[in-house]
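# Close look at the chain arrangement
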Amino acid sequence: MMVFQCPTRYSLFERYGDIADQVAACGYAVVQAWDAEPDTLKDVCERFGRVQTHIRADANGLVGISTETVVNRDWEKYRSEYSGINSEEFLPHTDGSYLHGLIRRDDQYLQLLPPKMLVLQCWQSAAAGGASVLIDVQQVYEDLARENPEHLRVLSTKGCVTYCRDDQIALDRAVFEELQDGTIMLRFRYDSTAYVAAWASEAFHSLQQNYFANPKFRTLLTLAKGQIIVIDNYRMLHGRESFSNGDAGQERKLRRVWLAYDRLPVLRNVGGEQHRDRRALKRFDAYDILPHADLSTMTPPTAVGIRQAA
Ligand SMILES: O=C(O)CCC(=O)C(=O)O
Ligand SMILES: [Fe+2]
């Protein structure tokens with residue numbers, strides 16, 4: 001595994017371009033930062049995009065991935081819906097598969113999609129286990145296009161799958177969804193959040209069995225303290241192996257930040273000035289896009305998602 005060594009904040013500034021290029025070329029990049037503080041994670045994130053918050057996030061959009069997560073808010077009543085906070089294996093998935101919303105931006109609406117990228121920071125690794133699992137679905141896509149174009153067609157057809165988690169539902173989606181700008185966005189999760197159409201069942205299950213469960217397509221890496229992994233969520237699946245925590249105070253702890261897609265589809269309400277806040281849209285507030293400190297410093301990777309052969 002190639003790691004970008006950044007012993008100082010300045011060295012990170014110097015490497016940003018290379019890190020972004022690596023994400024565009026390979027789907028992910030690992031950075032060894034000078035410390036494991038939340039501000040360091042924030043620094044990295046702001047360069048690559050706008051933070052998209054999460055129902056478990058703090059005011060900065062930062063989510064704790066730890067079995068120690070405190071019980072304080074409404075979502076905690078549905079704790080078993082959130083796999084990030086247990087110590088079991090978490091099968092490779094797209095973050096935010098269940099997101100398909102609408103949020104108000106002044107006099108327009110943005111269609112809310114899964115985050116384009118996720119950034120994970122390790123601030124304490126597990127006593128044993130807990131390796132991150134990565135799958136480059138670009139390779140899987142190309143293989144599937146050659147070996148089974150019919151399955152690829154089915155999995156690219158809207159309506160093949162619906163994902164639902166807690167109060168969120170993304171109805172009638174596709175595993176490979178072409179966005180308005182031509183980007184192919186991945187949306188996959190293989191657990192009880194997925195509901196598959198009868199006509200897509202064989203294609204969906206064999207995608208998991210023949211590709212995603214196949215060690216040949218998996219990369220394993222164990223993040224060390226202070227390491228930050230930047231992942232293209234529209235191209236890569238990520239997961240983690242089960243782990244065990246050490247003694248009290250030695251629990252595995254990660255922080256996670258989501259970055260929003262830069263070209264979310266824009267809609268206008270037909271009522272013009274008469275639009276009003278509706279209760280059905282309330283549940284998307286928890287996944288809104290946060291203000292950015294200085295957009296002029298933002299230099300995202302040139303492309304995200306799966307690319308089609310020219
Ligand atoms: O625990 C991890 O390494 C990743 C957890 C995860 O994928 C998530 O919370 O979305
Ligand atoms: Fe995840």
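First, a word on what this report is: a plain description of the structure on this page. (Residues numbered from 1 in each chain as written. Chains lettered and ligands numbered in written order. Predicted model: local features only at pLDDT ≥ 70, side-chain atom pairs only at ≥ 80, totals over all residues. Heavy atoms only, no water.)

In this structure the tally under the stated criterion is zero disulfides. With no disulfide partner, C26 has as its closest neighbouring cysteine sulfur the one in C6, 16 Å distant. Cysteine C122 remains unbridged, with the sulfur of C45 as its closest cysteine sulfur at 15 Å. (Disulfide = S-S within 2.5 Å.)

A few words on the coordination of the iron ion (ligand 2). Protein coordination at the iron ion (ligand 2) comes from H93 (NE2), D95 (OD) and H238 (NE2), with a distance range of 2.1 Å. Within one chain, the residues serving as donors to the iron ion (ligand 2) are arranged as H-x1-D-x142-H. Using a relative accessible area of 2% as the deciding quantity, one classes H93 as buried. The class for D95 is buried, based on a relative accessible area of 4%. (Donors = N, O, S within 2.8 Å, 3.2 Å for Na, K, Ca; no water. Buried < 20%, exposed > 50% of the residue type's maximum accessible area, 1.4 Å probe, protein only.)

Taken together, I65, G84, F90, H93, D95, H238, R240, R252, L254 and R256 make up all the residues around ligand 1. One of the side-chain N or O atoms of H93 is found 3.2 Å from an oxygen atom in ligand 1. Side-chain polar atom of D95 to an oxygen atom of ligand 1: 3.0 Å apart, as the coordinates give it. Taken together, the elements giving at least two residues each to the shell around ligand 1 come down to β5 (90-93), β18 (236-240) and β20 (253-259). In terms of residue class, the shell around ligand 1 is made up of three nonpolar, three polar and four charged. (Near = heavy atom within 4 Å. Polar contact = N/O pair within 3.5 Å; in protein donor to acceptor, adjacent residues only side chain to side chain. Helix = DSSP H or I, 4+ residues; strand = E, 2+ residues; numbered from the N terminus. Nonpolar A, V, L, I, M, F, W, Y, C, P; charged D, E, K, R; others polar.)

Per the stated rule, a full pass over the model turns up 16 salt bridges. Here D95 and R256 are joined by a salt bridge, their closest N and O atoms 3.6 Å apart. Here the residue D95 occupies a position in the loop between β5 and β6 (101-105), and R256 occupies one in strand β20, the gap between them amounting to 161 residues. The exposure class assigned to R256 is buried, which follows from its relative accessible area of 10%. Across the salt bridge formed by K253 and E251, the nearest N and O atoms sit 3.6 Å from each other. With respect to class, K253 is no different from E251; both count as buried. One continuous salt-bridge network, built from bridges that share partners, spans R173, E177 and R187. (Salt bridge = Lys/Arg side-chain N within 4 Å of Asp/Glu carboxyl O.)

Turning to the sheet that holds strand β11 (residues 161-165), a few remarks are in order. Read across the open sheet, the three strands follow the order β12-β11-β15; overall the sheet is antiparallel. Edge positions in the sheet fall to β12 (168-173) and β15 (194-196), since each has one partner strand and no second. Ignoring which end each strand starts from, the neighbouring axes of this sheet average 15 degrees apart. For β11 and β12, the ladder comprises four bridges, and the chain directions are antiparallel. Counterpart to V161 in the pairing with β12 is R173. (Pairing = 2+ DSSP bridges. Axes fitted to C-alpha atoms, helices over the stretch in contact; angles between N-to-C directions.)

Take the packing of helix α1 (residues 9-26) against helix α2 (residues 38-48) next. In the contact formed by α1 and α2, the axes pass within 11 Å of each other and the chain directions differ by 40 degrees. The hand of the α1/α2 crossing is right-handed. Contacts between α1 and α2 involve R9, L12, F13, Y16, I19 and A20 from the former and D39, D43, V44, R47 and F48 from the latter. Classifying every residue of the contact of α1 with α2 gives seven nonpolar, no polar and four charged. (Left-handed = near helix turned anticlockwise from the far one by under 90°. Contact = heavy atoms within 4.5 Å.)

Side chains of nonpolar character tend, in soluble globular proteins, to be buried together. Ranked by size, the top nonpolar core spans 86 residues in total, and within it V175 and F176 carry the most contacts. What V175 contacts, discounting residues up to four positions off in sequence, is L155, C160, V161, Y163, M185, L186, R187, F188, F204 and L207. (Core = buried A, V, L, I, M, F, W, Y, C linked by side-chain atoms within 4.5 Å.)

Glancing now at the side chain of R235. In this structure, R235 sits in the loop between β17 (227-232) and β18. Setting aside residues no more than four positions away along its own chain, R235 makes contact with A24, A25, C26, G27, I135, D136, V137, Q138, L186, G305, I306 and R307.

Here we take up the side chain of D232. Counting through the fold element by element, D232 comes out in strand β17. A polar contact is formed between the side chain of D232 and the backbone nitrogen of R235, at a distance of 3.3 Å.

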